[in-house]
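# Residue-level structural notes
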Amino acid sequence: MFSQTKARIIVFLPTMDAPKNTPELPPDYYLHYFRYVLDFVGQRYADFADEAARQFEATFRALSYEAQCLYVRIANRKPVFFLPEDLHYPEIGDLAAALEELHKNKLIERVMPLAIADELLRAEALESLTKAQLEQLCATLDEPPPFAPKKARKADLLNFLHGWQGNFQPHFELIWQISEREVAFWKFLFFGNLEQENMSQFVIRDLGNAQFHDWDETQLSALAHSAQEAQEHFAVHWNYRFFKRLVQYSVPPQAVFEWFDALPKPSFSFPVFDKFCLRLGEWLEKNKLPDEALAVYQYTEKPPSRERRVRILHRRGDTDEALALCLVVAENPQTADEQLFAQDFIRRHTQGKGTFRKTVTEQLLNAPAITVDAGHKNYVEGGVVRHYLEQGFCAVHSENYVWRGLFGLMLWEVMYDSPQFVHHPLQRHPTDLFHTDFYRHRQAAIHTQLNRFTDSAAAWAYAEQVYRQQEGMVNAFIGWHEALLPLAELYFSRMSWEQIREVLLQIARHPKENARGFPDLTVWSETDFFFVEVKSENDQLSAQQYFWLQYFNRLQIPAQILRVCFSA
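Described in the following lines is the structure provided in the data block. Since we're looking at a predicted model, the values are computed, not measured.

When helices and strands are counted, the chain shows 26 helices and eight strands. When burial is assessed residue by residue, the chain has 49% of its 568 residues classed as buried. Counting only contacts in the chain whose residues sit at least 6 apart along the sequence, the fraction spanning at least 24 positions is 73%. For the chain, the accessible area works out to roughly 28,000 Å², and carbon and sulfur atoms hold 50% of it.

Following this line, the structure appears as structure tokens:
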């Protein structure tokens, strides 16, 4: 049976756990982790590495123990340029000898910043220096700069030194990790991405700072099924990261586009390539290169690519082509944003003359309004919660938190009971979890799981059981806060299982998009239960928020917009 929720308002605050006994890691813990990555990848993808990556592995394994330790320390650092005196590792007895061994084996190089001809590499090398070190560098020039270095900003020193083409006296050397790409390939085949914090996941796990699901390593699936797929996948990730470096160091947009245009395009479908194209297209648009952006967007159908193409076509006068593409989008929208954009664009350009308002604008203008104290301007939802409390209701700012938590609890077994799309033991969730493929791959399992329950009481009992069994385990949808369970119980007690089930199914169809946009507030009393989307005077209603309001109303779950004005 459901208990009666008595709380008037629940405030989400972090729970303070009792201090834990932190395990001690061995001094060379990082080397053990790196060797584990090499062994794991070598066993599963022995034939996938290219010649450079294989040579790197052989060279690394032949190093002395201290040189291996130093290399892993260096490989885990950013940037790839640094001064030798910045290296302080007490577990490495003879640091100079280890550095010399790495240099001899061509894993690092010694360079003077102003001797670097490549513009991007020189910019990275200079960026790694402090302002004081840049001032010292200015003192080595055969001609002084046209300003006082000590009074200049660091940005001015960087710009000046980056463009310096004259002579200079020998100055301090930097260590340059020239094997960055090769080591990145091995890490990629383990983690499936190039995130800088990847190796720290071992530490987080072993110190007990996060509880990871215990995957059966013998059942893990392959990240790639051929050398070509593995190398193309890595190349896309590497090029995407390189694009970010080009932007960071202000490479001209036209040059960036030409670089991208000349890149070999992948013959496999990789989500990161879609992301790459979207980011590059957006950046090109911001830099006033719409035609180049249009060319980039055409490599992907992922939102908002088609919307951006429609907008560019329309702005340059190709309205018929824009409308034709919009009709395609309207017939098969991938997200709520695409659907509303297509509908509104078609209405705007096909209906007769007159005032046109976006669908979300009309919805917002027709919503009721209340006035709250101006002191709530910085937290409008809190002001509306107080309004409902004064009316005798209970209220809480819940937004996406509860629905995401219910999704994670009710579909826990679907996510974790099969290692499909799990490629390494530290993986927090299946790789397809935030794509439409999640539903496509698991449609039968999702429906079987949700059809196990015939009423809210049975579903609530299951959700509570999963919560008790798995509490604290890393889950992309669940925030393990003490407020989740009572709010989940409230939802199950006030809505039918059919209503909750349909919401969870809709999230499952596109978890990344549909796990957001839920109404801000949950409001209830002894007889009432409803959701409220709060909008202050200058707020806009998003397409995803509009989608959930409409969907809730179709399911007969009471939900409304409330506009908020502030008292003088």
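This part is about the pairing of strand 6 (residues 521-524). Burial of strand 6 is two-sided: the residues Leu 521 and Val 523 facing one way and the residues Thr 522 and Trp 524 facing the other way are all buried. Pairing of strand 5 (residues 394-397) with strand 6, which is carried by four bridges, proceeds in the antiparallel orientation. Its bridge partner lying in strand 6, Ala 395 is registered against Val 523. Of the strand pairs in this sheet, strand 6 and strand 7 (residues 529-536) are connected by four bridges, and their pairing is antiparallel. Bridge pairing links Leu 521 to Val 532 in strand 7. Following strand 6, the chain reverses through four residues before pairing antiparallel with strand 7.

What follows concerns the layout of surface pockets. Of the pockets and cavities examined, the second largest pocket occupies roughly 380 Å³. In this structure, the second largest pocket is lined by 21 residues; those nearest its centre are Asp 118, Leu 120, Leu 121, Glu 124 and Phe 242. Taken together, the elements giving at least two residues each to the lining of the second largest pocket come down to helix 5 (119-127), helix 8 (180-191) and helix 10 (227-248). Counting residues per element, the lining of the second largest pocket draws most heavily on helix 5, at five residues. Within the lining of the second largest pocket, the residues separate by chemical class into 12 nonpolar, three polar and six charged.

Calculation rules
- The numbers attached to residues start from 1 for each chain and follow its sequence in the written order.
- Where totals are concerned, whole chains, interfaces and linings use all residues; where local detail is concerned, this predicted model gives features only for residues with pLDDT of at least 70, and gives and counts side-chain atom pairs only at 80 or more.
- Just so you know, side-chain values use all the structure's heavy atoms and leave hydrogens and water out.
- Runs of E in the DSSP output that reach at least two residues are strands. Runs of H or I that reach at least four are helices, and both are numbered from the N terminus.
- Relative accessibility under 20% of the residue-type maximum defines a buried residue, over 50% an exposed one, and the middle range a partly exposed one, all with a 1.4 Å probe and only protein chains included.
- In what follows, residue pairs with any heavy atoms lying within 4.5 Å of each other are defined as contacts.
- For every accessible area listed, the method is Shrake-Rupley and the probe measures 1.4 Å; residues are considered covered only by the protein chains on display.
- At least two bridges found by DSSP between two strands are what make those strands a pair.
- The way it works is a 1 Å grid over only the protein atoms, where trapped points that fit a 1.4 Å probe form a cavity and open points with protein on both sides within 12 Å along at least five of seven lines form a pocket, and then any residue with an atom within 4 Å of a point lines it.
- Grid points are joined across faces, edges and corners, and a volume is the space filled by probe spheres set on the points.
- In the scheme used here, Gly and all other residues not listed as nonpolar or charged are polar, with Ala, Val, Leu, Ile, Met, Phe, Trp, Tyr, Cys and Pro taken as nonpolar and Asp, Glu, Lys and Arg as charged.

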